[in-house]
Amino acid sequence: MQNIVLLAGNIGQDPEGRTTMNNTRIVHFPLATSRPRYAEGKVLRDKDGYRVQETEWHRITCFNGLGKTVEENCQKGTKVLVRGRIHYTKWTDKENVERYSTEIIAETVDFLTWPKREDDSRGANDPDDEIPF
């Protein structure tokens, strides 16, 4: 049996991290995935002819080195591919109400867009733009 999740989407806000008392780095970020909305087997379109999208939000959790890499290189709007597992949590709050949470524990995060940095010197003369084939 397998618990595998594969999501490609946009980071919804800058990743936020914290370190536990036993030095485990934990980083969270919301990930938005979208798909077209269908009705009667056809893609719905708005008045301007654009596809109507349904967006779902996923809470992504990264640990230690992966979390550090994500925190240092990602920001709101970065496109990523997350591979991991789904994790459910159940607890009782102070008012004795049962609460539930669902998150994706990331095993890998691949950048689908270049990480943005303030000191980014990539420009029109980027050597990667001059591939000879």
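Reading the values: the criteria
Residues numbered from 1 in each chain as written. Predicted model: local features only at pLDDT ≥ 70, side-chain atom pairs only at ≥ 80, totals over all residues. Heavy atoms only, no water. Pairing = 2+ DSSP bridges. Helix = DSSP H or I, 4+ residues; strand = E, 2+ residues; numbered from the N terminus. Buried < 20%, exposed > 50% of the residue type's maximum accessible area, 1.4 Å probe, protein only. Lys, Arg positive; Asp, Glu negative; His and termini not counted. Salt bridge = Lys/Arg side-chain N within 4 Å of Asp/Glu carboxyl O. Polar contact = N/O pair within 3.5 Å; in protein donor to acceptor, adjacent residues only side chain to side chain. Contact = heavy atoms within 4.5 Å. Disulfide = S-S within 2.5 Å. Arc of directions from axis to C-beta.

Caption draft 1: Focus on the pairing of strand S1 (residues 5–11). Here six bridges tie S1 to strand S7 (residues 79–92), and the two strands are oriented antiparallel to one another. Along S7, the bridge assignment pairs Leu6 with Arg83. Where S1 lies against strand S3 (residues 25–36), two bridges are found, and the strand directions are antiparallel. Paired with Asn10 across the bridge in S3 is Ala32.

Caption draft 2: Region of the structure containing the side chain of Glu103. Of note, Glu103 is situated in strand S8 (residues 98–111). Buried within the structure, Glu103 lacks any salt-bridge partner; Arg59 is the closest side chain of opposite charge, at an N-O distance of 4.0 Å. In terms of polar contacts, Glu103 uses its side chain to reach the side chain of Thr61, at 2.5 Å. Contacts of Glu103, omitting those with residues within four sequence positions, involve His28, Arg59, Thr61, Arg85, Ile86, His87 and Thr89.

Caption draft 3: Just the state of the cysteines, in detail. For the coordinates displayed, the defined rule picks out zero disulfides. Lacking any disulfide linkage, Cys62 is separated from the closest cysteine sulfur, that of Cys74, by 8.3 Å. With a relative accessible area of 8%, Cys74 lands in the buried category.

Caption draft 4: Layout of helix H1 (residues 64–73). Gly67, Val70 and Asn73 are the residues of H1 that are buried. Each buried residue of H1 sits inside an arc of 155 degrees when the element is viewed along its axis, so together they form one side. Turning to H1, the residues buried within the fold contact S3, strand S6 (53–63) and S8.

Caption draft 5: Representation of the pairing of S8. Alignment of S6 against S8, held across two bridges, turns out to be parallel. Across the sheet, Ile60 pairs through a bridge with Ile104, a residue of S8. Bridging between S7 and S8 involves 13 bridges; their strand directions are antiparallel. What sits directly across from Val82, in S8, is Val109.

Caption draft 6: Inspection of the environment of Lys90 at higher detail. With respect to the helices, strands and loops of the structure, Lys90 is situated in strand S7. For Lys90, a relative accessible area of 52% corresponds to the exposed category. Residues contacting Lys90, with those up to four places away along its chain left out, are Glu98, Arg99 and Tyr100.

Caption draft 7: Just the pattern of salt bridges, in detail. Going through the model one piece at a time under the given rule, you end up with seven salt bridges. Across the pair Glu54 and Arg37 runs a salt bridge, and its minimum N-O distance is 3.0 Å. In this pair, Glu54 sits in strand S6 while Arg37 sits in the loop between S3 and strand S4 (38–39), placing the two residues 17 residues apart along the sequence. Using a relative accessible area of 28% as the deciding quantity, one classes Glu54 as partly exposed. Taking the relative accessible area as the measure of exposure, Arg37 reaches 35% and is therefore partly exposed. In this structure, Arg99 and Asp93 form a salt bridge, with 3.0 Å as the shortest nitrogen-oxygen distance. A relative accessible area of 39% places Arg99 in the partly exposed class. Residues participating in the shared-partner salt-bridge network are Arg35, Arg37 and Glu54.

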